[in-house]
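Chain residues, written in single-letter form:
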Amino acid sequence: MKKKKTKKMKTSTKLLIPTLALTLFTIAGAVAIDNASAHGFGGGEGRDGFIEALSEKFNLNEDEVDSFLEEQRTARQEERKAEREEQLNQLVSEGKLTEDQKNALITKMEENQAEREANREEFQNKTREERRAERQEHREEMDQWFEEQGIDKDELDLGRGEGRGHGGRGGGRGMGNK
């Protein structure tokens, strides 16, 4: 009887390790692609090429891999959205924002996200200098918007919590950065 348990455990372990490795590799790849896409690396073919290579390497269905990666990206977006709303609620309770300002910020964040998604491919096809100029223009527009709303953006640290962004304060992808 001991032999059967040992054999089952070996079989389970043999299946578990590759499954975990594949899952971790896929999630890491999704994060890398999302980050690379957000920073304009890899162009429009980066994600598709990655999905094709991953699918081929591990004999997976490309549509299923693509669907999985999209689910992971959506889950991360929802998580970040919930974190931002929690931060905004905290700012309201501290008296740094009014409820109307909070609602305006949430609406603006949703508008910015929709615009980024709609223009993602076009943005990625621009040169580095064109992307830099577009981000600078967006920052200036956001500075004007904050001023019109009567919001001191220096009081906000949205989207740049611990472990987020690059280069610390001001380098993340918060409201003032695109």
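See the structure printed just above.
Summary of the structure given here. Given the structure is predicted, the values throughout are model-derived calculations rather than measurements.

**Some points on the overall build of the protein**
Step number 1: Check the secondary structure of the protein and you find six helices and zero strands.
Step number 2: When the helices and strands of the protein are placed in sequence order, the string is α-α-α-α-α-α.
Step number 3: Across the 178 residues that make up the protein, the buried fraction comes to 25%.
Step number 4: A fraction of 57% describes how many contacts in the protein between residues 6 or more apart in sequence connect residues 24 or more apart.
Step number 5: Looking at the protein as shown, the accessible area adds up to about 12300 Å², and 50% of this sits on carbon and sulfur atoms.

**Details of the packing of aromatic side chains**
Step number 1: For the coordinates displayed, the defined rule picks out one aromatic pair.
Step number 2: Ring geometry for Trp 145 and Phe 146: centres 5.5 Å apart, planes at 75 degrees, overall edge-to-face. Grouping residues by exposure puts Trp 145 and Phe 146 together as buried.

**A look at the pattern of salt bridges**
Here the idea is simple: oppositely charged side chains can pair when their charged atoms come close.
Step number 1: Scanning the model with the defined rule gives ten salt bridges in all.
Step number 2: Two residues, Lys 96 and Glu 94, come together in a salt bridge whose shortest N-O distance is 3.4 Å.
Step number 3: In this structure Lys 96 comes out as partly exposed when scored by relative accessible area, which is 42%.
Step number 4: For Glu 94, a relative accessible area of 40% puts it in the partly exposed group.
Step number 5: The residue Lys 102 makes a salt bridge to Glu 99 at a minimum N-O spacing of 3.0 Å.

**Brief notes about helix H6 (residues 128-149)**
Step number 1: Spanning 22 residues, H6 covers 31 Å between terminal C-alpha atoms, matching the ideal 32 Å at 1.5 Å per step.
Step number 2: Buried within H6 we find Arg 131, Glu 134, Arg 135, His 138, Met 142, Trp 145 and Phe 146. Within H6, the buried residues cover an arc of 115 degrees as seen down the axis, which keeps them to one side. Facing away from the buried side of H6 by over 90 degrees, the exposed positions are Glu 129, Glu 147 and Glu 148.
Step number 3: Looking at the buried residues of H6, the elements they touch are helix H4 (99-118) and helix H5 (120-124).
Step number 4: Phi turns positive, to about 70 degrees, at Gly 150, one or two residues after H6.

**A look at the nonpolar core**
When a protein is soluble and globular, its nonpolar side chains tend to lie buried together.
Step number 1: Counting eleven residues, the largest nonpolar core is built from Leu 88, Leu 91, Leu 97, Leu 105, Ile 106, Met 109, Met 142, Trp 145, Phe 146, Ile 151 and Leu 156.
Step number 2: Counting only elements with at least two residues in this core, the list comes to helix H3 (62-93), H4 and H6.
Step number 3: Aside from chain neighbours lying at most four places away, what touches Leu 97 is Leu 88, Leu 91, Val 92, Lys 102, Leu 105, Ile 151 and Leu 156.
Step number 4: In terms of nonpolar packing, the next biggest core, distinct from the first, is built from five residues, Phe 50, Ile 51, Val 65 and Leu 69 among them.

**Some words on the packing of H4 against H6**
Step number 1: Following both chains from N to C, one finds H4 and H6 inclined at 160 degrees, their axes separated by 11 Å at the closest point. By the criterion of interaxial angle, the relationship of H4 to H6 is roughly antiparallel. Crossing handedness for the pair H4 and H6: right-handed. Here Gln 101, Ala 104, Leu 105, Lys 108 and Asn 112 of H4 come into contact with H6, specifically with His 138, Met 142, Trp 145, Phe 146 and Gln 149.
Step number 2: The residue makeup of the contact of H4 with H6, split by class, is five nonpolar, four polar and one charged.

Conventions used here
Residues numbered from 1 in each chain as written. Predicted model: local features only at pLDDT ≥ 70, side-chain atom pairs only at ≥ 80, totals over all residues. Heavy atoms only, no water. Helix = DSSP H or I, 4+ residues; strand = E, 2+ residues; numbered from the N terminus. Buried < 20%, exposed > 50% of the residue type's maximum accessible area, 1.4 Å probe, protein only. Contact = heavy atoms within 4.5 Å. Areas by Shrake-Rupley, 256 points an atom, 1.4 Å probe, with all protein chains shown as cover. Phe/Tyr/Trp six-rings, centres within 6.5 Å; stacked < 30°, edge-to-face > 60°. Salt bridge = Lys/Arg side-chain N within 4 Å of Asp/Glu carboxyl O. Expected span 1.5 Å × (residues − 1). Arc of directions from axis to C-beta. Core = buried A, V, L, I, M, F, W, Y, C linked by side-chain atoms within 4.5 Å. Axes fitted to C-alpha atoms, helices over the stretch in contact; angles between N-to-C directions. Parallel < 35°, antiparallel > 145°, perpendicular 65-115°, else oblique. Left-handed = near helix turned anticlockwise from the far one by under 90°. Nonpolar A, V, L, I, M, F, W, Y, C, P; charged D, E, K, R; others polar.

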